[in-house]
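Working through the structure, step by step
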Amino acid sequence: MPLMFNLFTRKQGTYKDDALSGLTVALALVPEAIAFSFLAGVNPMIGLWSAVFVGLITASMGGRPGMISGATGAIAIVAAGAVEMGNEVGGTEMGLKYLFATLMLAGAIQLLAGALRLGRFIRLVPHPVMIGFVNGLAIVIGLGQLGFFKKFSGVITDDGTRVMEWLEGSQLGLMIGLVIATMAIMHFLPKLTKAVPSALAAIVLIGTLAYFGVFEARTIADVLKDGGGDGSLEKGFPPIANLSGLPMDWAFFKSIFPIALTIAMVGLIESLMTLQLIDELTETRGQGNRECFAQGGANILSGLFSGMGGCAMIGQSLINIKSGGRGRTSGIVAAIALALFILFAGPVIVQIPIATLVGVMFMVVIGTFEWSSLKTFGKVPFSEILVILAVTLVTVFLHNLALAVFVGIILSALVFAWESSKHVHVELDSDTGDERHYSVQGLIYFGSVHDFTEHFQCRSKAKTVIIDMAHARVCDMSGIEALNTLAERYKKGGKTLHVRHLSADCRRMLERAGSMLDVEILPDDPDYSVANLRVQAE
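In this text, all values refer to a predicted model and were calculated from it rather than measured experimentally. (Residues numbered from 1 in each chain as written. Predicted model: local features only at pLDDT ≥ 70, side-chain atom pairs only at ≥ 80, totals over all residues. Heavy atoms only, no water.)

Burial analysis of helix 10 (residues 314-322) places eight of its nine residues in the buried class, which makes it a mostly covered element. Three or more residues of helix 10 are buried, namely Ile314, Gly315, Gln316, Ser317, Leu318, Ile319, Asn320 and Ile321. Where helix 10 is buried, its residues meet helix 1 (15-40), helix 4 (127-145), helix 8 (250-282), strand 4 (311-312), helix 11 (328-344) and helix 13 (354-368). Two residues or fewer after helix 10 comes glycine 324, characterised by a positive phi angle close to 105 degrees. (Buried < 20%, exposed > 50% of the residue type's maximum accessible area, 1.4 Å probe, protein only. Helix = DSSP H or I, 4+ residues; strand = E, 2+ residues; numbered from the N terminus. Contact = heavy atoms within 4.5 Å.)

Given below as structure tokens:
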């Protein structure tokens, strides 16, 4: 990765680093939470308090210190479905009740995923899928910032949609200039000093100049007004969700379950993929199952206190890592600081120029995108490039991270199956006339059984056939059936088939399947052990 894009370095965190980076993250959370609230069709305060609750619980009890969670666009898009469903039943109030109930059900599903230890399966995600996910999310984050280059046109459509228009003239010029200034500060300040996170320094410097009237830039207050608010943040703690009036019967849970399941899956996949990315950046290892429990508990608590839920935020997590945050303290400080902003510092926070926060996120995009992937064309198999592109495009155009990851995994599995099927080799080692001895190398599974069985046509006069499997492995039911087919083929021809050097787990698989195959157990049979993945507690 070029030096100018090498924004993330391995370092040990300190309480000072965690506190300062947490404060930086809290400021960056404000416009994102507001924007995602509009996306979900709820009041901005719901998104802000969701970021507080989800961020605090996951930072305190999650499986990845230094990872930031809050209200996200991926969850907001799905949650909007629950709001719309409730609106159709009983208006806006019922829409919120449907949202809170759906979110708590999603949290329960995530707790179940943790109890079933499904978090470890994220380790099975191929590297090309990870690259495509990171690149796609970087592009999505970048495109998401373009919305801040628009303002309310004054036109509201019949369905209540507020029409936005692009900034023009001096407003656009000032916006671009402040974005560039923020990015320049973040790039050059670390060369002079690393005592203060460069992102925080940029926000404070440009925010201070704007506050004292050096220039008049669009602020967070303007974003709130564009969304239909009065430009201020409401004070006070969120109330406990009022679920009275919901039917709470089988039909109700059946209607919200698909949305809850989608929220749970999208949240876990985005969180576990972000966890894995931070593992690579910090050269440490998080705990996937623990993160499942934390995400589930956070979403249940968020729904209970009238929130819209959330999951890990790759952009804010990378801001935290870049600013020096490594421990749980950084996420806890971010959540508490955001709560204090809402309760006491709202009038100041809403005056922060939105351009400086956009500049911070653009630097995150530059640091997130895997630029080295652009150099892989022509140097790695085309199938790997296809997987990267597929995951990236699905992420960008469908905004469905779960689907993008599933598409990547399926493509990778199909490529693996196709390539592995070409590497089954059968050789005739000896032929005494009465006995033929074959050796097999490779994996015997659904993709390779056809080529494997084609080598044994029962045409020779030998009465005994021995297949040596010392360098082969039976992987699935198709492989077992292939061996049984050979046994029956030779038996009908009046010949005997013996299989040697099957590993113990392959023999157990044959026994469980009720195979009648004659397997010779020899002292030098191979024994393959399966790695036991254990994660050290922190």
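A surface patch of nonpolar side chains, about 710 Å² in accessible area, is lined by Leu374, Phe377, Leu389, Leu393, Phe397, Leu398 and Leu403. In terms of residue count, helix 14 (residues 382-398) provides more of the nonpolar patch than any other element does, four residues in total. With respect to the helices, strands and loops of the structure, leucine 374 is situated in the loop between helix 13 and helix 14. Among the residues examined, leucine 374 registers a relative accessible area of 47% and is labelled partly exposed. (Patch = residues over 30% accessible without salt bridge, like charges linked within 9 Å, V, L, I, M, F, W, Y side chains within 5 Å. Areas by Shrake-Rupley, 256 points an atom, 1.4 Å probe, with all protein chains shown as cover. Salt bridge = Lys/Arg side-chain N within 4 Å of Asp/Glu carboxyl O.)

Let's shift gears to the packing of aromatic side chains. Enumeration according to the criterion identifies 10 aromatic pairs in this entry. Note on phenylalanine 369 and tryptophan 371: the rings are 4.8 Å apart at their centroids and 50 degrees apart in plane angle, and the pair reads as tilted. Phenylalanine 369 sits in the buried class, given a relative accessible area of 14%. Overall, the relative accessible area of 26% leaves tryptophan 371 in the partly exposed class. (Phe/Tyr/Trp six-rings, centres within 6.5 Å; stacked < 30°, edge-to-face > 60°.)

To continue, consider the side chain of threonine 24. As for its position among the elements, threonine 24 is in helix 1. A polar side-chain atom of threonine 24 sits 3.0 Å from the main-chain carbonyl oxygen of leucine 20. Discounting chain neighbours no more than four positions away, the residues touching threonine 24 are Pro197, Ala199, Leu200, Ile319 and Ser323. (Polar contact = N/O pair within 3.5 Å; in protein donor to acceptor, adjacent residues only side chain to side chain.)

Moving on, we get to the confidence of the model for the protein. Keep in mind that low pLDDT regions are not for reading the predicted coordinates in detail. For the protein, mean pLDDT is 87; residues scoring 70 or higher make up 94% of the total. At the low end of the mean pLDDT range in the protein sits strand 9 (residues 519-520), at 72; at the high end sits helix 9 (residues 288-304), at 95. Below pLDDT 50 for its whole length, residues 1-10 participates in 20 contacts with residues either more than four positions away or in separate chains. Predicted confidence is poor over residues 530-538, with pLDDT under 50, and the contacts of this stretch with residues over four places away or in other chains come to 11 contacts. (pLDDT = per-residue confidence, 0-100.)

Turning our eyes to something else, we now look at the state of the cysteines. Evaluated as defined, the whole model comprises zero disulfides. Take cysteine 311: it sits in no disulfide, and the sulfur closest to it among the cysteines is that of cysteine 292, at 12 Å. (Disulfide = S-S within 2.5 Å.)

Orientation of helix 1 relative to helix 3 (residues 73-115), taken along the N-to-C sense of each, is 30 degrees, at an axis distance of 7 Å. In terms of orientation, helix 1 and helix 3 fall into the roughly parallel class. The element helix 1 and its partner helix 3 pack so that their crossing is right-handed. Between helix 1 and helix 3, the contacting residues are Phe36, Leu39 and Ala40 on the first element and Gly73, Ala76, Ile77, Ala80 and Val83 on the second. Across the contact of helix 1 with helix 3, the residue classes tally to seven nonpolar, one polar and no charged. (Axes fitted to C-alpha atoms, helices over the stretch in contact; angles between N-to-C directions. Parallel < 35°, antiparallel > 145°, perpendicular 65-115°, else oblique. Left-handed = near helix turned anticlockwise from the far one by under 90°. Nonpolar A, V, L, I, M, F, W, Y, C, P; charged D, E, K, R; others polar.)

Turning our eyes to something else, we now look at unusual backbone geometry. At glutamate 283, a residue that is not glycine, the phi angle is positive and equals roughly 55 degrees. Assignment of secondary structure puts glutamate 283 in the loop between helix 8 and helix 9. Located in the positive-phi region is histidine 501, a residue other than glycine, with phi close to 60 degrees. Within the element layout of this structure, histidine 501 appears in the loop between strand 8 (496-500) and helix 18 (504-512).

The first and last C-alpha atoms of helix 4 sit 27 Å apart over 19 residues, in line with the 27 Å expected at 1.5 Å per residue. Along helix 4, 15 of the 19 residues are buried, which leaves the element largely enclosed by surrounding structure. (Expected span 1.5 Å × (residues − 1).)

Here we come to the nonpolar core. Note on soluble globular proteins: their nonpolar side chains tend to be buried together. One finds Leu48, Phe133, Ile220, Met308 and Leu338 to be the most contacted residues of the largest nonpolar core, which totals 109 residues. Here this core gets 13 residues from one element, more than from any other, and that element is helix 3. Counting 25 residues, the second largest nonpolar core, distinct from the first, contains Val465, Ile480, Ala482 and Leu486. (Core = buried A, V, L, I, M, F, W, Y, C linked by side-chain atoms within 4.5 Å.)

Summarising the element assignment, valine 125 is placed in the loop between helix 3 and helix 4. Placed 287 residues apart in sequence, valine 125 and serine 412 show a C-alpha to C-alpha distance of 9.1 Å. Once residues within four sequence positions are removed from consideration, valine 125 is found in contact with Met130, Met273, Gln276 and Ile409.

Inspection of every chain in the model, using the stated rule, returns four salt bridges. Across the pair arginine 64 and aspartate 279 runs a salt bridge whose closest N-O atoms are separated by 2.6 Å. Here aspartate 279 lies in helix 8 and arginine 64 lies in the loop between helix 2 (44-61) and strand 1 (69-70), a separation of 215 residues in the sequence. Of the two residues, arginine 64 and aspartate 279, both sit in the buried class.

This brings us to the sheet that holds strand 8. Taken in spatial order, the five strands line up as 5-6-7-8-9 in an open sheet, and their pairing is mixed. With partners counted over all chains shown, the strands left at the sheet margins are strand 5 (425-431) and strand 9, one partner each. Pairing of strand 8 with strand 9, which is carried by two bridges, proceeds in the parallel orientation. If you follow arginine 500 over to strand 9, its bridge partner there is glutamate 520. Against the sheet, helix 17 (residues 477-492) engages strand 6 (435-444), strand 7 (464-474) and strand 8, with an angle of about 175 degrees to strand 7. (Pairing = 2+ DSSP bridges.)

Attention now goes to the pairing of strand 2 (residues 150-156). Looking at chain direction, strand 2 and strand 3 (residues 162-166) are connected through four bridges and run antiparallel. Residue pairing for strand 3: isoleucine 156 is matched across the bridge by arginine 162. The antiparallel pairing of strand 2 with strand 3 creates a hairpin that spans five residues between the two strands, and glycine 160 there sits at a positive phi of about 90 degrees.

Turning our eyes to something else, we now look at the pairing of strand 7. Judged from the nine bridges that link them, strand 6 and strand 7 form a sheet pairing that is parallel. The residue of strand 7 that forms the bridge with histidine 437 is isoleucine 466. Chirality of the crossover, the property in question, places the unit of strand 6, helix 16 (residues 449-454) and strand 7 among those that are right-handed. Two strands pair when backbone bridges link them, and strand 7 and strand 8 are joined in this way by five bridges, in the parallel orientation. Of the residues in strand 8, the one forming a bridge with aspartate 468 is arginine 500. In this view, the connection linking strand 7 to its parallel neighbour strand 8 by way of helix 17 has right-handed handedness. (Right-handed = clockwise from strand over helix to strand, strands pointing away.)

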